[in-house]
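# Architecture and fold: a report
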Amino acid sequence: MTPLGARMRQMRAERGVSLKDMAAAINVSSAYLSALEHGRRGKPTGFLLHRIIAFFNVIWDEAEELQRLAEISDPKITIDTGGLAPEATELTNRLAGAIGKLDAEDLRALRDDLMRRSSKKR
C-alpha cells in the first residue's frame, strides 16, 4: 500500500464510504481505485487527485497533504545512481534486495534517519 492509498482508505473508513461508492463518484472503476490504494497503480494524475480531494471535500492543509502523499506514492520508483558516489549505488542495490524483509518499524527508522540526514545537507 502507498502512503496516499493508506490515507485514502483511512478517510473512506472515517466517512463510512465504500470503495465502490467512491469509485463511482470520481468516475473510475472500483478495481482501479483498489489498485491505487494497494500500490498496484502508479500515482494518480493531477486531474484524478483533484477529483479525490473534491470527493473528500477537504481544503488547504488536508488537500496539500494529499498532494504531498501522492508525490511520494509511486510504487515502482527508479533510482539513477549514475555519476554519484559508489556508496549510492551500493545503498540503492542493498535496499532493493532487503526492503521486502524489513518490518514497518525498521522502514520508519530508515526513513526518519534518511530525512534527518538529508535535511542537514540543505
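Note that the coordinates shown come from a computational prediction; the quantities given were computed from them, not determined experimentally. (Residues numbered from 1 in each chain as written. Predicted model: local features only at pLDDT ≥ 70, side-chain atom pairs only at ≥ 80, totals over all residues. Heavy atoms only, no water.)

## Description of the side chain of T81
Assignment of secondary structure puts T81 in the loop between α5 (60-71) and α6 (86-98). Not counting residues up to four positions away in its chain, the partners in contact with T81 are A88, T89 and T92. (Helix = DSSP H or I, 4+ residues; strand = E, 2+ residues; numbered from the N terminus. Contact = heavy atoms within 4.5 Å.)

## Points about the nonpolar core
Counting residues in hydrophobic clusters, the biggest one holds 19 residues, and the most contacted among them are M8, L33 and I52. By residue number, the principal contributor to this core is helix α4 (residues 46-56), which donates five residues. With residues near it in sequence (within four places) discarded, M8 still touches M22, L33, L36, E37, I52 and F56. (Core = buried A, V, L, I, M, F, W, Y, C linked by side-chain atoms within 4.5 Å. Buried < 20%, exposed > 50% of the residue type's maximum accessible area, 1.4 Å probe, protein only.)

## Comments concerning the packing of aromatic side chains
Geometry of an aromatic ring pair is reported as the spacing of the ring centres plus the angle between the planes. Scanning the model with the defined rule gives one aromatic pair in all. Residues F55 and F56 carry aromatic rings whose centres are separated by 5.2 Å and whose planes lie at 75° to one another, so their mutual orientation is edge-to-face. Given the relative accessible area of 26%, F55 is considered partly exposed. When its relative accessible area of 3% is taken as the criterion, F56 is described as buried. (Phe/Tyr/Trp six-rings, centres within 6.5 Å; stacked < 30°, edge-to-face > 60°.)

## So, the pattern of salt bridges
Scanning all chains against the criterion turns up 10 salt bridges. Between E62 and R7 there is a salt bridge; the shortest N-O distance is 3.0 Å. In this pair, E62 is assigned in helix α5 and R7 in helix α1 (residues 3-15), connecting sequence segments 55 residues apart. Connected through shared salt-bridge partners, R9, R12 and E37 make up one network. (Salt bridge = Lys/Arg side-chain N within 4 Å of Asp/Glu carboxyl O.)

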